[in-house]
Amino acid sequence: MSILNYLPQPGDATSRSTLNFITDFKRASIDYVRDKYLACNRWNDAFYGVYTGKIANHLNDITLPLVFSTIMAAVARKANAIFGAWPIVSLQGFPPGSEGIAKKNELLINLQLKDADSFRKAVRFFMQSEINGTAVAEVGWSHIQHLRQFRTYVPGTTEIIEVRDMVTEFDGPNWRCIDLPDFWPEAGKTDIKDMMGYVVRDFMDFDDILEMNSGDGLQPFNPEAIRELAETALPAPSTSADEFLQLGRYRSFGDFLNASNNTYAKPVEVWTYRGLVPRELAPDGVRNRVITVGNGRVILRNDPDKLLLNRPRIVHYSPTPDPNHFVGIGKAQIIEPLQAAGSRIISQNMDTLDLHNKTAFLAAAGAISSQNLHVKPGKVFQVNTKGKSLSDVIMPLPVDMGPFQHSWGAIQFLDAMGQKGSGIDEQAVMGLTGSGQEMTARQYLGQAEAATTRLALENMLASTQMVEPIAELFRDENKTMLPLPKQFSLLGTRSVLNPITGMPMPPEEGIITLPMELNHGWQAKAFGPMFMLTKSAQRADALQLAQIMMANPVWIQSVNWIAMARKIFSLYDWDSDEMLVGMP
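Scoring rules and cut-offs
Residues numbered from 1 in each chain as written. Predicted model: local features only at pLDDT ≥ 70, side-chain atom pairs only at ≥ 80, totals over all residues. Heavy atoms only, no water. Helix = DSSP H or I, 4+ residues; strand = E, 2+ residues; numbered from the N terminus. Buried < 20%, exposed > 50% of the residue type's maximum accessible area, 1.4 Å probe, protein only. Contact = heavy atoms within 4.5 Å. Pairing = 2+ DSSP bridges. Axes fitted to C-alpha atoms, helices over the stretch in contact; angles between N-to-C directions. Expected span 1.5 Å × (residues − 1). 1 Å grid on protein atoms, 1.4 Å probe; cavity = no way out; pocket = protein on both sides within 12 Å on 5 of 7 lines; lining within 4 Å. Points joined across faces, edges and corners; volume = space filled by probe spheres on them. Nonpolar A, V, L, I, M, F, W, Y, C, P; charged D, E, K, R; others polar. Polar contact = N/O pair within 3.5 Å; in protein donor to acceptor, adjacent residues only side chain to side chain. Core = buried A, V, L, I, M, F, W, Y, C linked by side-chain atoms within 4.5 Å.

A. Summary view of the overall build of the protein. For the protein, the helix and strand inventory stands at 15 helices and 14 strands. Considering the protein as a whole, with its 584 residues, one finds that 40% of them fall into the buried category. Taking the intrachain contacts of the protein between residues at least 6 apart in sequence as the baseline, contacts between residues at least 24 apart amount to 72%.

Given below as structure tokens:
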């Protein structure tokens, strides 16, 4: 007897029962992440250098940019190391003898990462991870098509005509950053691979939903549900404790007013659940589903997930993972208290300087008739001393400058603790002069290498948790979604030379024609961790290595010096294809 006879049979799941499942999942997720997501508002304010709440009674309100400078230094390192080099990833795996096909797929995936504007998105992704503690991105296939009216030539002639037709603006794998308040993970799980499912919230325009349902005959949403959606409005937070969720759309009250004042806006709040559902909610027996809810009331879609992927479409990254929670620890959380203390001290110091430079006075009542003692030279004030010494009638308000001198040391101490907690050394990582201590070039390189040891861990996590999963999802999506034949569009010298191997590209190198050329499971390996040292350090090491190898006759005959020269040229940001006369 089949085991299916003992299991709940797939039934005709109603929209109400499916909606209850999504709503319950959302409620449990929000209860799980509420405290973490609320704290992100504080870290975000610290990054921008703003303070919300009761303002301290300081004449000078100054915020030290400790959080901003630390985060941007870390983001610059990661983004440039991982996405600033070429290739972004390489493919590794079996079977042997398939290097040619592997290089085709490697080149294709790297070009797709460039087409997806990955560098700009990575900057935002890493900023979110350092501010909120965790960054989330979603990978999918974008097919953007709009009805356009444009001018074009009649084929075979020079006549220009106007044509109205559907234009495909983008068709390929893509990824996007998701604001943390718009991502609702399964409660109690710390890794996306262990979750039954997740919900992503988006705000779309109703006209965009209609257009998505009319392109190429595809109808991802139920037409009857769309008509029902037209009669609903945006849902409000169910409780006051959930108002923080609106920050995913409105960063300020002014944003809310601007959006609500748009007469032609038709906003729709869309929840998309991806993952497993209870068997009784799977009408066709497939539990791995995609469910879309509009405005919290209408089921727009309830379909099986038809893409056969080896991992969830969500990638998440935490520079310092929390072993007990999905949301990790960012540098803003570590440095924000230090920045608050330092900002308070520097504000008090500036007030002290104001009192010292713009001296206040103590004067006997009626001694002088004017309150304005900030005057040009030559001004004379008549003072009624009433027979007393002038020093007994008016005197400057004494200001104790002792604590003022000690407070600068406290600010330096707080800054040093911030560098120690974040691993962002101002000399080795930020490139600043620091405390003024002189050091030799070798000492500096040693300090820089020691500082990058901490950052190397974060770069490795970024490679394994973000870059490599995105590349492998691109690889899997190409197997079923990429229209064939596919020809690569390369510009400049890369249209003749393979940018990965450096060899001349045969005419068929930039074309994939057969599905079997995509049906492989090579693993992606990011190049980012290889570029942790600065360019100056890499140049010095490369030149020293070249001198050592040239001193050995055996090495001279064994080394591919053209490849060696190409590597050195790349360290100096020179195009080796233009510098070298011939190719091997």
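From this point, things continue past the structure.
B. A look at the sheet that holds strand 9 (residues 314–317). Ordered by their spatial adjacency, three strands build an open sheet running 3-2-9, and the pairing between neighbours is antiparallel. Looking at strand neighbours, the two that pair on one side only are strand 3 (160–178) and strand 9, the edges of this open sheet. Direction aside, the axes of adjacent strands within the sheet are offset by 30° on average. Looking at chain direction, strand 2 (residues 135–153) and strand 9 are connected through four bridges and run antiparallel. Paired with Ala 137 across the two strands is Val 315, which belongs to strand 9. Helix 4 (residues 118–132) contacts strand 2, strand 3 and strand 9 of the sheet and is inclined by roughly 35° relative to strand 3.

C. Expanded view of helix 2 (residues 66–83). Here helix 2 spans 26 Å end to end across 18 residues, near enough to the 26 Å set by a 1.5 Å rise per residue. The element helix 2 is extensively covered by neighbouring structure, given that 13 of its 18 residues are classed as buried.

D. Structural view of the environment of Pro 181. On the secondary structure map, Pro 181 appears in the loop between strand 3 and strand 4 (183–185). Each C-alpha atom of the pair Pro 181 and Leu 38 lies 9.0 Å from the other, and the pair is 143 residues apart in sequence.

E. Spotlight on the layout of surface pockets. Its volume calculated, the largest pocket comes out at about 1900 Å³. Trp 141, Ser 142, His 143, Met 212 and Arg 301 are the residues nearest the centre of the largest pocket, which is lined by 43 residues in total. Only strand 2, strand 3, strand 5 (197–205), helix 5 (206–212), strand 6 (267–276), strand 7 (288–294), strand 8 (298–304) and helix 11 (441–481) provide two or more residues apiece to the lining of the largest pocket. The dominant element in the lining of the largest pocket, judged by the number of residues it contributes, is strand 2, at nine residues. Grouping the amino acids of the lining of the largest pocket by side-chain chemistry returns 17 nonpolar, 11 polar and 15 charged.

F. Quick peek at the sheet that holds strand 4. Taken together, five strands build an open sheet; the order of strands is 4-5-6-7-8 and the sheet is antiparallel. With partners counted over all chains shown, the strands left at the sheet margins are strand 4 and strand 8, one partner each. Across the sheet, the mean angle from the axis of one strand to that of its neighbour is 15°, orientation sign disregarded. Examined bridge by bridge, strand 7 and strand 8 share six bridges and lie antiparallel to one another. Counterpart to Gly 294 in the pairing with strand 8 is Val 298. Strands in contact with helix 1 (residues 15–48) are strand 4, strand 5, strand 6, strand 7 and strand 8; relative to strand 4, the strand with the most contacts, it is inclined by about 95°.

G. The arrangement of the side chain of Gln 112 in detail. Summarising the element assignment, Gln 112 is placed in helix 3 (residues 99–115). Look at Gln 112 and you get buried, because its relative accessible area is 7%. Polar contacts involving the side chain of Gln 112 include one to the side chain of Asn 478, which spans 3.0 Å. Setting aside chain neighbours within four positions, we find Gln 112 in contact with Pro 173, Phe 474, Asn 478 and Leu 482.

H. Seen up close, unusual backbone geometry. Phi is positive for Asp 117, close to 60°, though the residue is something other than glycine. As for its position among the elements, Asp 117 is in the loop between helix 3 and helix 4. Positioned with a positive phi, Asn 295 is a non-glycine residue whose angle comes to about 55°. Turning to its location among the elements, Asn 295 is positioned in the loop between strand 7 and strand 8.

I. Spotlight on the nonpolar core. Counting 48 residues, the largest nonpolar core has Val 89, Phe 125, Phe 126, Trp 175 and Met 466 as the members making the most contacts within it. In terms of residue count, helix 11 provides more of this core than any other element does, eight residues in total. Tyr 32, Val 33, Tyr 37 and Val 200 belong to the second-largest nonpolar core, a separate cluster that totals 15 residues.

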